[in-house]
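Here's the letter readout for the chains.
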Amino acid sequence: MKTPVKPEFGHPPEILEFWKRLVRKALAVNSSTPFYLCSALPITERVAELDHALAYAGFDTGATRRPGKVLCRHWLSCKTQPVAPLLRWWRGQGRPIEVVSEFELRAARSEGFAPAEILVNGPAKHHWLDRHALRGLSVNFDSPAELAVLLPLAKKLDWRCGVRINTSQEFDVENSEFPTQFGFTADEAVAALKKLMRAKARVEAVSFHLRSNLPSAQVYQRALVEVAAVCRAANFAPLMLDLGGGLPARQVLTPGGKVLDGEFGLRAFAETLRVAARQFPGLRELWLENGRFLSASSGVLVVTILDTKERRGQRQLICDGGRTLHALTSLWEQHRLVSLPARTGAEGPTTIHGPTCMAFDRLARLPLPGSLRPGDHLVWLEAGAYHIPWETRFSHGHAAVWWHDAGGLRLARPAQSFEHFWGQWVG
Ligand SMILES: Cc1ncc(COP(=O)(O)O)c(C=O)c1O
């Protein structure tokens, strides 16, 4: 049996203290677990870091207006962390939101975003977007069929239109020979841009989203060369260039122990964009829709050890939360875990399991102190992206969600009750 290796993370001690303090505070109000705890503070820090790099490369980030410079605009990727107080807080910062489904559009509207602050992405929108006759939306078209159906509405409602281009840099990460299902091929994109211009629609943007956790800025550079070629072929000068998301999350490791953002530098990224932007004369804005980078570090998952077992030289900690229910990302990512209280002493090979009846339910396998015991809490960091939207109800209900911002810490969503869990069946 392989002995697990202790993963090396680079969290500064003050980050660990920040989360421990907040988790203790939440537990003092309500000791029931599992729960997610999310904070606005790390998001502010990530936005500032990114803006700093972009400003250094000569972009306008909105903080200090630089007339004549290309403005960078961050759109909140709603799907990454669809948490109501996050949407409210983000809107309070005067920032816009990106949505990819009817529910997300409705959520954005419920939280008060004006149509001009909403960017609609995603495939097959022609099956639902016409139900929302909102004037002034930004809409990135994803296919010829979608464009054919929605073009009359786009004109009538003065949508700010864009075309999503599927470049050679966008593929299924698990099978790189297969393209993703999104956007227009280069030829289709040229035809779509011409069609929009001929129709005198308000076409202003080209967009792409390459994939997640991109390993280097060069991937953007290669994609932008292709996007510029499409624009030239269509004789189209975009005012907005939408780069999607894709910046890697911080302090997250691959299953093999490699730091995900190890080779990714924000300065190099911003510099790549500065050079690439020259291919787009007349460009006014760069749009960014980063999910993981902005919000992964803004949340933690807190579980309690319920039981322990020893078998074949392995210690197993069975907890009230885990992969199946809350942290699907543990399939392809290793995250930092801290215990409350801190336990020390000899470490042995340990596997942390969730409570479901699946061997799959394995949050982590690593050396941990043998002194960890039932009742201890484990805090799984970097749970602020793609945890809550991929949460399941496998034998159990949804977890509670706590929210923290300058206004303090509060319960944002109670744990799902049995009545809610079972009461949804109507027939
Ligand atoms: C269109 C679009 N924009 C932004 C994102 C956010 O991506 P990430 O979390 O990798 O930054 C995604 C993720 O799938 C996406 O599809």
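This text follows the structure it describes.
Anyway, here's the lowdown on the structure attached to this text. All residue numbers refer to positions counted from 1 along the written sequence of the respective chain. Whole-chain, interface and lining totals are the exception, using all residues; otherwise, since this is a predicted model, local features are given only for residues with pLDDT of at least 70 and side-chain atom pairs are given and counted only at 80 or more. The basis for the side-chain values is all heavy atoms of the structure; hydrogens and waters are excluded.

## Focus: the site of the ligand
Move 1: Around the ligand sit 14 residues, and of these Ser-212, Gly-246, Glu-289, Gly-291 and Tyr-386 come closest.
Move 2: Polar contacts, as used here, are pairs of N or O atoms within 3.5 Å; protein pairs need one atom able to donate a hydrogen and one able to accept it. Residues neighboring in sequence count only if both atoms are side-chain atoms. One of the backbone nitrogen or oxygen atoms of Gly-291 is found 2.8 Å away from an oxygen atom of the ligand.
Move 3: Residue Tyr-386 places a side-chain N or O atom 2.6 Å away from an oxygen atom belonging to the ligand.
Move 4: Here the ligand, which alone exposes 400 Å², has 89% of that area covered by the protein.
Move 5: For the shell around the ligand, the per-class residue count stands at one nonpolar, eight polar and five charged. Residue proximity to a molecule or strand is established when one non-hydrogen atom of the residue lies within 4 Å of it. Method for areas: the Shrake-Rupley scheme with a 1.4 Å probe, in which residue coverage is limited to the protein chains shown. Gly counts as polar in this scheme, as do all residues outside two lists: the nonpolar Ala, Val, Leu, Ile, Met, Phe, Trp, Tyr, Cys and Pro, and the charged Asp, Glu, Lys and Arg.

## Details of the side chain of Glu-382
Move 1: Each helix corresponds to a stretch of at least 4 residues labelled H or I by DSSP, and each strand to a stretch of at least 2 residues labelled E; elements are numbered beginning at the N terminus. In this fold, Glu-382 is placed in the loop between β16 (377-380) and β17 (400-405).
Move 2: Summary of buried charges: Glu-382 has no salt-bridge partner, and the nearest side chain of opposite charge, Arg-46, is 6.3 Å away.
Move 3: For Glu-382, the residues in contact, after removing those within four places along its chain, are His-11, Arg-250, Gln-251, Val-252, Ala-296, Ser-297, Gly-299, His-335 and His-387. Any residue under 20% of the maximum accessible area for its type is buried, any over 50% is exposed, and the rest in between are partly exposed; the area is computed with a 1.4 Å probe on protein chains only. In this tally Asp and Glu are treated as negative and Lys and Arg as positive; neither His nor the chain ends contributes. Criterion for a salt bridge: a side-chain nitrogen of Lys or Arg within 4 Å of a carboxyl oxygen of Asp or Glu. Any two residues having at least one pair of non-hydrogen atoms within 4.5 Å are treated as being in contact.

## Some remarks on the side chain of Thr-324
Move 1: Along the chain, the position of Thr-324 falls in the loop between β12 (314-319) and β13 (337-340).
Move 2: A relative accessible area of 6% means that Thr-324 is categorised as buried.
Move 3: Side-chain polar atoms of Thr-324 contact the side chain of Thr-356, separated by 3.2 Å.
Move 4: In contact with Thr-324, not counting residues within four places along its chain, are Thr-356, Met-358, Phe-360, Asp-361, Thr-392 and Phe-394.

## Structural notes on the environment of Val-303
Move 1: Mapped onto the fold, Val-303 is located in strand β11 (residues 299-311).
Move 2: Measuring from C-alpha to C-alpha, the distance between Val-303 and Val-252 comes to 19 Å, with 51 residues separating the pair along the chain.
Move 3: Beyond its immediate chain neighbours, meaning those up to four positions away, Val-303 contacts Thr-33, Pro-34, Cys-319, Asp-320, Gly-321, Asp-376, His-377 and Leu-378.

## Details of the sheet that holds strand β4 (residues 97-99)
Backbone-to-backbone hydrogen bonds pair the strands of a sheet. The strands run either parallel or antiparallel.
Move 1: Here, strands pair whenever DSSP counts at least two bridges between them. Strand order in the open sheet formed by nine strands is β2-β10-β9-β8-β7-β6-β5-β4-β3, with parallel pairing between adjacent strands. If you trace the sheet from one side to the other, it starts and ends with β2 (71-74) and β3 (76-77), each paired once.
Move 2: Helix-sheet contacts for helix α2 (residues 41-56) involve β2 and β10 (285-288), and the interaxial angle to β2 is about 160°.
Move 3: Geometry is summarised by axes, namely lines fitted to C-alpha atoms with helices restricted to the contacting stretch, and by angles between N-to-C directions that run from 0 to 180 degrees. Seen against the sheet, helix α4 (residues 102-110) touches β4 and β5 (118-120) and runs at an angle of roughly 150° to β4.

Nothing here speaks to function; it is all geometry.
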